[in-house]
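Summary of the model geometry
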Amino acid sequence: MRNQLNTFFTALMFFTRIPVPKKIDHSTDLLQKSARYFSWVGILVGSIAAGSLFLSHFLFSPALSVLFSMIISILTTGAFHEDGFADVCDAFGGGWSKEKILLIMKDSRLGTYGVVGLIGILAAKLLLLQELLLQMNIVPCCIIYIAANSFSRLMTISIMQQYSYVADIDTSKSKPLANRKLTPVEIVIAIAGAFLPFVFLKVIFLLAIIPSVLSGIYLGRFFNKWIGGYTGDCLGATQQVCEIFFYTGCLLIWKFI
């Protein structure tokens, strides 16, 4: 059990700014195993954001409540996934060859495509969550918030399992993760974390995973076509896009089914 906790804390340390016990180190072995807990980290990040949304809705309008929860979520992760999404927008928007795409993706500067992409995806998240909050009660909305964060991180694991890592592996901070595929048991642990929030939702909301899965499949094939695999930034972009499509699916289910 202690080893599992250490592995979970390693994933938490890697993907968030949440304090972890000081004894947790940056060992390659733990980091390689931590992917099994990506979806569980998503539950924690989603719960923090959903808790902020729940408390804020007693005091503020739906729009402000969602905005505050998004800010809390970004502060929790250090904009880790948003940064990856922006880099992907810049790279694939401005690059027309594998070498150029990877070169742009390494550039720490933010370009026009990245700015436009960030504005677009943050606006989409704000409007979708606001619409969900207006359409349904606060409790199911908060659970959807958590489910979106956990399931979207499972989709990053899917890409890691199917494709090869193509960035400069000697300098990348994702190097340990890229060197190892998950075992069947580890995949089950990741899937369990992704689907745990659905226990508290109506069964019909399982349909919301369809657009999320389809978007993840498309992105995986898109990345593989252009650069022959994925990078850490590609995983961050996948998480953001799959989260958006999950909210979209939930909204369509609530309105039309």
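Everything below is about the structure printed above this text.
Figured I'd write up the structure that's included with this text. (Residues numbered from 1 in each chain as written. Predicted model: local features only at pLDDT ≥ 70, side-chain atom pairs only at ≥ 80, totals over all residues. Heavy atoms only, no water.)

1. Regarding the packing of helix H8 (residues 138–162) against helix H12 (residues 232–256)
Two elements in contact, H8 and H12, have axes separated by 8 Å at closest approach and are oriented at 135 degrees. The angle between the axes of H8 and H12 places the two elements in the oblique class. Crossing of H8 against H12: the hand is right-handed. The residues of H12 that touch H8, namely those facing Ile144, Tyr145, Ala147, Ala148, Asn149, Ser152, Arg153, Met155, Thr156, Ile159 and Met160, are Leu235, Thr238, Gln239, Cys242, Glu243, Phe246, Tyr247 and Cys250. (Axes fitted to C-alpha atoms, helices over the stretch in contact; angles between N-to-C directions. Helix = DSSP H or I, 4+ residues; strand = E, 2+ residues; numbered from the N terminus. Parallel < 35°, antiparallel > 145°, perpendicular 65-115°, else oblique. Left-handed = near helix turned anticlockwise from the far one by under 90°. Contact = heavy atoms within 4.5 Å.)

2. Concerning the nonpolar core
Counting residues in hydrophobic clusters, the biggest one holds 74 residues, and the most contacted among them are Phe92, Leu132, Ile144 and Phe246. Broken down by element, the residue count for this core peaks at 15 residues, all from H8. Beyond its immediate chain neighbours, meaning those up to four positions away, phenylalanine 92 contacts Ile101, Met105, Phe222, Phe223, Trp226, Ile227 and Cys234. (Core = buried A, V, L, I, M, F, W, Y, C linked by side-chain atoms within 4.5 Å. Buried < 20%, exposed > 50% of the residue type's maximum accessible area, 1.4 Å probe, protein only.)

3. Some details on a nonpolar patch on the surface
A cluster of nonpolar side chains, Ile48, Phe54, Leu55, Phe58, Leu59, Phe60, Leu64, Leu67, Ile71, Ile72, Leu75 and Val139, forms an exposed patch at the surface whose accessible area comes to about 1,100 Å². Of all the elements in the fold, those that place two or more residues in the nonpolar patch are helix H3 (38–56) and helix H4 (62–77). Examining the composition of the nonpolar patch, we find that five residues originate from one element, H4, more than from any other. The topology assignment puts valine 139 in helix H8. The partly exposed category is assigned to valine 139, whose relative accessible area is 46%. (Patch = residues over 30% accessible without salt bridge, like charges linked within 9 Å, V, L, I, M, F, W, Y side chains within 5 Å. Areas by Shrake-Rupley, 256 points an atom, 1.4 Å probe, with all protein chains shown as cover. Salt bridge = Lys/Arg side-chain N within 4 Å of Asp/Glu carboxyl O.)

4. What about unusual backbone geometry?
Unlike most non-glycine residues, alanine 79 shows phi in positive territory, near 55 degrees. Looking at alanine 79, the relative accessible area reads 23%, which means it is partly exposed.

5. Quick look at the state of the cysteines
Using the criterion set out here, one finds zero disulfides in the structure. The thiol sulfur of cysteine 141 is not disulfide-bonded, and the nearest other cysteine sulfur, from cysteine 142, lies at 5.9 Å. We classify cysteine 141 as buried; its relative accessible area is 1%. (Disulfide = S-S within 2.5 Å.)

6. Here's the deal with the packing of aromatic side chains
Within a pair of aromatic rings, the relevant descriptors are the distance that separates the centres and the angle that separates the planes. Under the counting rule described, the total for this entry stands at 21 aromatic pairs. Taken together, a centroid distance of 4.8 Å and an interplanar angle of 85 degrees make the contact between phenylalanine 14 and phenylalanine 15 edge-to-face. For phenylalanine 14, a relative accessible area of 18% gives the class buried. Taken together, a centroid distance of 5.8 Å and an interplanar angle of 75 degrees make the contact between phenylalanine 198 and phenylalanine 246 edge-to-face. Of this pair, phenylalanine 198 sits in the loop between helix H10 (184–195) and helix H11 (209–227) while phenylalanine 246 is found in helix H12, placing the two residues 48 residues apart along the sequence. Both residues of the pair, phenylalanine 198 and phenylalanine 246, belong to the buried class. Members of the aromatic cluster, connected to one another through ring pairs, are Phe92, Trp96, Tyr218, Phe222, Phe223 and Trp226. (Phe/Tyr/Trp six-rings, centres within 6.5 Å; stacked < 30°, edge-to-face > 60°.)

7. Examining the environment of leucine 55
Turning to its location among the elements, leucine 55 is positioned in helix H3. Judged by relative accessible area, leucine 55 falls into the exposed class, the value being 57%. Taking C-alpha positions, leucine 55 is 8.3 Å from serine 65, a pair spaced ten residues apart along the chain.

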